[in-house]
Amino acid sequence: MTNIGLDMTLFDHQLDFTAEYYKSRSSDLLVGVNIPLSVGSLNSAPTVNAGTMDNAGLELSATYHNHKHAFKYDISANGSTLSNKVISLGNNGQPIYGAGARTQEGQEVGRQFGYVYEGIFQSVDEVNNAPFQSAGTGPGDIKFKDLNGDNVIDASDRRDLGSALPHFSYGLTFMASYKNFDFSIMANGVGKFLVDDAIYRSLMHSDGGLNWSSDILNSWSTDNTTTNIPRVVYVDENGNGRDSDRPGWLQNGAYTKISTISIGYTVPTRKIFSSFRAYVTCQNVYTFSDLKDYNPDFAGGVWNPGFNYASYPTPRTFMVGLNFTLK
Amino acid sequence: MKLFKYISLAVMTAVIFGSCDKKLAVTDPNAQTSADFWKTESDIAEGVVATYNLLLVDGTFARTLPALVDVRGDDVNSQSPWTIYPLTGNFTVQADYAGGYDVESWIWRDFYQMIAKANLVFYNAPNVTFSNDDYKNRLLGQAYFLRAFAYYELAENYQVCPLVLSKPLDQSEYFPASASEDSIWTAIESDLIKAQSMLPTSYDNVTGEDQGQKGRATWGAATGLLGKVYMIRGDYAKAAAEFKKIIDANIYKLVANYGDNFTMTNENNTESIFEIQFGDFGVDANWVEPSLSSWTQGSALDFPYGLTQYGAWGDFHPTQWLYSEFKKERCKDGKLDPRLYWTLVTYEKEYDTDGDGRSNTIFGEKPYETNKLDASNNNIYIAKYTYARIPGHTIEGDGKVPGSGINYRFMRYSEILLLYAEALNEINGPTSDVYKYIQMVRDRADLPDLATTKPGLSKEEMRDQIAHERALEFGVEGIRFFDIMRWKWLSNPDKLSLLKSHDSEFNTYVTGHEYLPVPQGELDTNPNLSKNSAN
């Protein structure tokens, strides 16, 4: 564990500044280590203290205080970076697979993993001239890239598709007071990372007959060939829904969330109360995000941090309250 | 104060050293471990029952095994949106289907769990005292049969796999290499020969806890499977010898009504050599081990095979070829082959006037009159192992899945008769014995005497005749495709063309892909494992 930091206060307490570099190693992490099914055990991934992971990053924060006039305010901003590396998994050097993700020693945990999108087949000739995908592959199906050049699209044609962890997160706070009013607004957010959103993917299924997202109206058909959404077909032998980087399958999970807005009024002290404050607060005010889901602020699993499978949405809360102390 | 300090120090010391008392180290009777088990004869008996349990789960006979075998045959095809079914049926399923640990790995997973349980019986039996040798032999004999049965299914489906014949004692034994095809079949034969010598012909007259119990493996089951193994390996003389033993023992008899082999009544009848015991006992579903005590212990096969119009999933349909095959020959009384009625759901006008119990009433109503089902038979459906031909129900499986109580008949006496005829034909050509044993099966279906309708067949022609007889007798019973494999039709260009004309799924057949691929997840986890011809 390494920590190097710097704390400064400048200009007569008007500016606070903190910078900190950290590097920490976590060992003996619980890992489900796969054993072959041929062992016949009902638990084919017994849990062992076999994992070791490093996290490192830089945290910066600065706060400006201006209390010189009647309108007092503080502005604070912070940002931090994260770099993650798995040192050991204890799985005999084998990677651990999660939902659409793979964790390998020497790399970040839970990186997105799957096939590579090359476009949509427009004709039967194109299908016949391409590496074999399935017996039912036809115009309108997705063409996947043959990574190892063996003219067949199979498990060896999958690769790392990008990071499922945000590398940058930040927060902003603005607090102000004027006479008896106080006001604060807080926001936080994360930078770009790739999200495998299971709800969006399941609403964009090619096969069967369950409900769809309205985006499916733009799916490929002979009248609508300039699209990157594959055709709708009852039996999807081509596996258009498989883990891949096809457009829409790995979305940018970056977001900025206005997390709290609060306004309060402190009533001047009277006979009974030594202090009295009324406030209105809204939490989870608004989130700016491109993710096609109701909750960009989700918790994925250990081995698939970028996998959002119907995580419970954070509600928006309104609070009205009184804080007072009796003499 | 000082005295108080010394007294408390003394008390604490006494407590620390006195607390090393083993009285607190007790075992939890509600969470039994293997350290508390495997002590008595009844523990071994429970261990054997636990091994049988693996025949009732999703990866084995409750659904996936019959489905993935039938769909590869020319008697069944699939247009299910669950693509594992059509992809297996047209021989293009890949090893990493849905991540490599999905459906095509369930058969592998569940049979290895069965093998592990049998190996636990073998590991622990030497340390247990048995009340009598006969009972001990019956228990061990069943374990040998079940282990052989598991390896038989693994070899038939996956071609090569590791041969695990004892409980692994150390983690270093968790990564065995695949065994060769020959050594797997030799091990199966060896276990079956042991089972054959240890099992009774029936449990009706044994002395012990298992007296009177039906459904346990018998001498007949071990001998029948051994004969079938010899047929698969091409050793016709040994096969014929085993089948003759069964016929001469005079234990089994074909039941008069073919349909009695496919309902939840008339189970374990005189024709049954080995059947998987499904029930309708509890209330809860259970697809994998460990199983719930509230489990129905039912089969799920009626839903993928059953009619969507009656609440089932309709994942599989019979081929038009199988239907036409039934219509090639009428019974002596001019009626349609009764086996058509019990195998397929089709509209036949004459069912309404046959007067022998057949009718076009399905699930208590007349769907062909209301156009709910297609009377032109462009769409036909599977009847076998569904509730479609069983009176007293209005929807498939009474809406419960898995919940079908229809036992899966793994081997019936008619198979012994037809295999015996086939073996004799291979050894000596179509002798009168060959005709005789085939005719026993035809007689039950009231078909004319083959020796009169087709006398003087050549050996090759008799092979085709037997193939036809087996298609009708064993349609949609998990048998047809394994027959196609052992007859080597897939590597015979004429026969492969024939198969393509029966079932267009054969158009994408590629050599080697008659097997399911070794699951990718298993190849990823076990670096010593070999691929098979389908990987």
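Residues numbered from 1 in each chain as written. Chains lettered and ligands numbered in written order. Predicted model: local features only at pLDDT ≥ 70, side-chain atom pairs only at ≥ 80, totals over all residues. Heavy atoms only, no water.

As named in an unreviewed UniProt entry, chain B is RagB/SusD family nutrient uptake outer membrane protein, taken from Arachidicoccus ginsenosidivorans. Regarding chain B, the relevant UniProt record gives this comment under Subcellular location (unreviewed entry): "Cell outer membrane". As stated in UniProt under Sequence similarities (unreviewed entry), the record for chain B gives "Belongs to the SusD family." (UniProt positions renumbered as here; feature names shortened; annotations may be inferred.)

As named in an unreviewed UniProt entry, chain A is TonB-dependent receptor, taken from Arachidicoccus ginsenosidivorans.

Draft legend 1. How the structure looks around the pattern of salt bridges. Residue and element names in this part refer to chain B. With the rule as written, the count across this model stands at 48 salt bridges over all chains. The partner of Arg138 in a salt bridge is Asp210, with the nearest N and O atoms 2.8 Å apart. Of the two residues, Arg138 is situated in helix α6 (residues 133-158) and Asp210 in the loop between α7 (181-198) and α8 (219-232); the sequence distance between them amounts to 72 residues. We classify Arg138 as buried; its relative accessible area is 5%. Here Arg444 ties to Glu271 by a salt bridge, and the two come within 2.7 Å at their closest N and O atoms. Residue Arg444 is located in helix α15 (residues 432-444), and its partner Glu271 is located in the loop between α9 (236-249) and β2 (272-276); the two are separated by 173 residues in the primary sequence. Across this residue pair, the class does not change: Arg444 and Glu271 are buried. (Salt bridge = Lys/Arg side-chain N within 4 Å of Asp/Glu carboxyl O. Helix = DSSP H or I, 4+ residues; strand = E, 2+ residues; numbered from the N terminus. Buried < 20%, exposed > 50% of the residue type's maximum accessible area, 1.4 Å probe, protein only.)

Draft legend 2. Spatial organisation of the packing of aromatic side chains. As enumerated under the stated definition, the model contains 48 aromatic pairs over all chains in all. Summarising the aromatic geometry, the rings of Phe61(B) and Tyr408(B) are spaced 5.4 Å apart at their centres and angled 40° between planes, so their arrangement reads as tilted. Of this pair, Phe61(B) sits in the loop between α2 (41-53) and α3 (64-70) while Tyr408(B) is found in strand β6 (residues 408-412), placing the two residues 347 residues apart along the sequence. Members of the aromatic cluster, connected to one another through ring pairs, are Phe61(B), Phe145(B), Phe149(B), Tyr152(B), Trp185(B), Tyr258(B), Phe262(B), Phe274(B), Tyr385(B), Tyr408(B) and Phe410(B). Here Arg242(A) stacks its cationic end above the ring of Tyr115(A), 4.5 Å away from the centre of that ring. The cationic tip of Arg246(A) hangs over the ring face of Trp249(A); the distance from NZ or CZ to the ring centre is 3.7 Å. (Phe/Tyr/Trp six-rings, centres within 6.5 Å; stacked < 30°, edge-to-face > 60°. Lys NZ or Arg CZ within 6 Å of the ring centre and 35° of its normal.)

Draft legend 3. Main features of the sheet that holds strand β7 (residues 101-103) of chain A. All names here are of chain A. With antiparallel pairing, four strands are arranged side by side in an open sheet as β6-β7-β8-β11. At either end of the open sheet lies a strand with only one pairing partner, and these are β6 (96-98) and β11 (158-162). Taking each pair of neighbouring strands and ignoring which way they run, the sheet shows an average axis angle of 40°. With four bridges joining them, strand β8 (residues 111-115) and β11 adopt antiparallel strand pairing. Following the sheet pairing, Tyr115 is matched in β11 by Arg158. (Pairing = 2+ DSSP bridges. Axes fitted to C-alpha atoms, helices over the stretch in contact; angles between N-to-C directions.)

Draft legend 4. Looking closely at empty space enclosed by the protein. All names here are of chain B. With the rule as written, the count across this model stands at five cavities of 30 Å³ or more. Volume-wise, the largest cavity comes out at about 120 Å³. Listing elements by their share of the lining of the largest cavity, those giving two or more residues are α3, α6 and β6. (1 Å grid on protein atoms, 1.4 Å probe; cavity = no way out; pocket = protein on both sides within 12 Å on 5 of 7 lines; lining within 4 Å. Points joined across faces, edges and corners; volume = space filled by probe spheres on them.)

Draft legend 5. Examining the environment of Arg233(B) more closely. Residues and elements named next belong to chain B. Residue position: Arg233 is located in the loop between α8 and α9. Along the primary structure Arg233 and Ala177 are separated by 56 residues, whereas in three dimensions their C-alpha atoms are 23 Å apart. Not counting chain neighbours up to four residues away, the residues in contact with Arg233 comprise Glu181, Asp182 and Trp185. (Contact = heavy atoms within 4.5 Å.)

Draft legend 6. Quick look at the packing of helix α5 (residues 103-124) of chain B against α6(B). All names here are of chain B. Relative orientation of the contacting elements α5 and α6 amounts to 155°, with a least axis distance of 9 Å. With respect to each other, α5 and α6 are oriented roughly antiparallel. Between α5 and α6 lies a crossing whose hand is left-handed. Within the contact between the two elements, α5 uses Glu104, Ser105, Ile107, Trp108, Phe111, Tyr112, Met114, Ile115, Ala118, Asn119, Val121 and Phe122 and α6 uses Leu140, Ala143, Tyr144, Leu146, Arg147, Ala150, Tyr151, Glu153, Leu154, Asn157 and Tyr158. (Parallel < 35°, antiparallel > 145°, perpendicular 65-115°, else oblique. Left-handed = near helix turned anticlockwise from the far one by under 90°.)

Draft legend 7. Broad picture of the nonpolar core. Within the largest apolar cluster, 163 residues are counted, with the highest numbers of intra-cluster contacts made by Leu55(B), Phe61(B), Phe145(B), Phe149(B), Ile188(B) and Phe274(B). For this core, the leading source of residues is α6(B), giving 15 residues. In this view, Phe149(B) contacts Leu55(B), Phe61(B), Leu225(B), Phe274(B), Ile276(B) and Phe410(B); residues no more than four positions away in its chain are not counted. Formed by ten residues, the second largest nonpolar core is a distinct cluster that contains Val31(A), Val86(A), Val109(A) and Trp303(A). (Core = buried A, V, L, I, M, F, W, Y, C linked by side-chain atoms within 4.5 Å.)

Draft legend 8. Quick look at the side chain of Thr227(A). All names here are of chain A. Among the secondary structure elements, Thr227 is positioned in the loop between α2 (198-203) and β15 (251-252). Only 2.8 Å separates the side chain of Thr227 from the backbone oxygen of Asn218, close enough to count as a polar contact. At a separation of 3.1 Å, a polar atom in the side chain of Thr227 contacts the main-chain amide nitrogen of Ile229. Setting aside residues up to four positions removed in sequence, Thr227 forms contacts with Ile120, Asn218, Ser219 and Trp220. (Polar contact = N/O pair within 3.5 Å; in protein donor to acceptor, adjacent residues only side chain to side chain.)

Draft legend 9. Highlighting the UniProt feature "domain: RagB/SusD" (unreviewed entry) in chain B. The positions UniProt marks with the feature "domain: RagB/SusD" (unreviewed entry) are residues 270-532 of chain B. The span residues 270-532 of chain B is 35% helix and 6% strand, and its two end C-alpha atoms sit 39 Å from each other.

Draft legend 10. Just unusual backbone geometry, in detail. Residue and element names in this part refer to chain B. The step from Glu289 to Pro290 runs through a cis peptide bond, and the omega angle for that step is 0°. The amide bond that connects Val401 to the next residue, Pro402, takes the cis arrangement and shows omega of -10°. The phi dihedral of Val476 is positive, around 55°, even though this residue is not glycine. The topology assignment puts Val476 in the loop between α17 (459-473) and α18 (480-486). Accessibility expressed as a relative area gives 0% for Val476, which makes it buried. Look at Lys488: it is not a glycine, yet its phi comes out positive at around 60°.

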